[in-house]
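Survey of secondary and tertiary structure
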Amino acid sequence: MLRTEVLAGLVVALALIPEAISFSIIAGVDPAIGLFASFTMAVTIAVVGGRPAMISAATGAVALVIAPLNREHGFGYLVAAVILAGVIQIVLGALGVARLMRFVPRSVMVGFVNSLAILIFMAQVPELTDVPWPVYPLLAAGLALMVFFPRATTVIPAPLVSITVLTVLTVAAGIAVPTVGDKGELPSALPVPGLPDVPFTLDTLTTVAPYALAMALVGLMESLMTAKLVDDITDTTSSKTRESVGQGVANIVTGFFGGMGGCAMIGQTMINVRVSGARTRLSTFLAGAFLMVLCIVFGPVVSGIPMAALVAVMVMVSVATFDWHSVAPKTLRRMPAGEITVMVVTVACVIATHNLAIGVVAGSVIAMAVFARRVARVAEVTAVTDPDGGSVVYRVTGELFFASSNDLVGRFSYATDPEHVVIDLSAAHIWDASSVAALDMVEAKYARRGKRVEITGLNEPSAHLHRRLSGELTGGH
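Description of the structure in this document. (Residues numbered from 1 in each chain as written. Predicted model: local features only at pLDDT ≥ 70, side-chain atom pairs only at ≥ 80, totals over all residues. Heavy atoms only, no water.)

It is worth spelling out the packing of helix H3 (residues 60-73) against helix H8 (residues 202-234) at this point. With their axes 8 Å apart at the nearest point, H3 and H8 run at an angle of 165° to one another. Taken together, H3 and H8 sit at an angle that is classed as roughly antiparallel. Relative to H8, H3 is oriented so that their crossing is left-handed. On the side of H3, the interface is formed by Ala 61, Val 62, Val 65, Ile 66, Pro 68, Leu 69, Glu 72 and His 73, while H8 contributes Thr 207, Val 208, Tyr 211, Ala 214, Met 215, Val 218 and Glu 222. (Axes fitted to C-alpha atoms, helices over the stretch in contact; angles between N-to-C directions. Helix = DSSP H or I, 4+ residues; strand = E, 2+ residues; numbered from the N terminus. Parallel < 35°, antiparallel > 145°, perpendicular 65-115°, else oblique. Left-handed = near helix turned anticlockwise from the far one by under 90°. Contact = heavy atoms within 4.5 Å.)

Another aspect to go through is the packing of aromatic side chains. Per the stated rule, a full pass over the model turns up six aromatic pairs. Measuring from ring centre to ring centre gives 6.2 Å for Phe 412 and Tyr 414, while their planes differ by 40°; the resulting arrangement is tilted. One exposure class covers both Phe 412 and Tyr 414, and it is buried. Between the aromatic rings of Tyr 414 and Tyr 446, the centroid separation amounts to 4.8 Å while the plane-to-plane angle is 55°, which identifies the pairing as tilted. Of the two residues, Tyr 414 sits in the loop between helix H17 (402-405) and strand S5 (420-430) while Tyr 446 sits in helix H18 (residues 433-447), which places them 32 residues apart along the sequence. In this structure, Lys 445 is placed above the aromatic ring of Tyr 414, and the distance from its NZ or CZ to the ring centre is 5.6 Å. (Phe/Tyr/Trp six-rings, centres within 6.5 Å; stacked < 30°, edge-to-face > 60°. Buried < 20%, exposed > 50% of the residue type's maximum accessible area, 1.4 Å probe, protein only. Lys NZ or Arg CZ within 6 Å of the ring centre and 35° of its normal.)

Evaluation of the coordinates by the stated rule reveals six salt bridges. The residue Arg 51 makes a salt bridge to Asp 231 at a minimum N-O spacing of 2.6 Å. Highlighted residues: Arg 51 in the loop between helix H2 (31-48) and strand S1 (56-57) and Asp 231 in helix H8, separated in sequence by 180 residues. One salt bridge connects Arg 395 with Asp 424, and the closest N-O pair in it is separated by 3.0 Å. Separated by 29 residues along the polypeptide, Arg 395 in strand S4 (residues 391-400) and Asp 424 in strand S5 bring together distant segments of the chain. (Salt bridge = Lys/Arg side-chain N within 4 Å of Asp/Glu carboxyl O.)

Shown next, in the form of structure tokens:
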């Protein structure tokens, strides 16, 4: 519905303002830079992105990556890095990097979602420490409104009602609490396009390239993970390749408008999709458009919004984002220990580093190790000796790869076996060079004792790999 999309965009725009200002402070730039970046990212990605209703804007992860560059070399280099990061994202998107998302296991995804919820909540804690006491009852009132108001009607998003009521209350009663205006001055004019103020030399490229690459990878990973999450919530599919390229285009546009770059924002996306019920690109576009209108036209009004109202919205978002089922005792009792370990490692790494990309990579690596260990145990070797004692048949079952084939060599009785040894691989599959090398070693050990080995039952892919590599890995028999 049009009303849902419009109101969702308005709620997201209100929530974006203090976050964009906070991320500007992290990056060490003027608050207007973060707000401009949020405006251009949201409006551009609404058109070129692959996941409808997902919100992209200035983010903390990107701010953390590029802050050192701004601190050491200045704002011009930061803008150049944003533009280069966009180019890298377009190239990676065109190369199909989005297809790598299929290798992210569900336990990593759950860890990603839970760590995001925890980070969103942790980001609100500074707003609740060393503040006047009225902040706490205002927070409680905001939370109560968002819990109970939807029971009366869902026509107007509860977060918008909560922000409006608390703002009117604090202004009317003259309650002195921290407001959006305390975060920094809002811009009074639209951003103007231009080139980054840097020398166009090889030295500049080598300076910004490492930061641009890191920003591109972090931004893509967060955006693709968020897109996958929205797919699950809305029971729809989206083009991850288009999203990857779209993120690049949005960052290039943002860079030329003097913004600090960004990527998908999980917190704002959850407000838009899960809390407000938005489903189309219109809500994303309006979030960016409303952001500029609120800053430029209604700056004094927006500056008076109490931070407690926005903190209440983000606390609700963190509660709604967290996968409570994943930590229920009943679920944990049934879940394999390896899956729980992967989820915990993902969460721990994200919280320790405040970097979602590191957590996802660490979790995926642990998941691969757990999977390899589990599959390695599946490979079995059973021996059946011919009744006349002239030959022995070893039947190998399971998947042969580096983890399982290392044990294969020790499963044969080289000294006591008869002259003819048959290794039956009809129930096995050879996956890599390690397995071929292991079979070569088995043949070599028998050959040194004057015994003949016959390998049978290879399926076509296994036979092709064996023919190509056998004898080439261990210096011959």
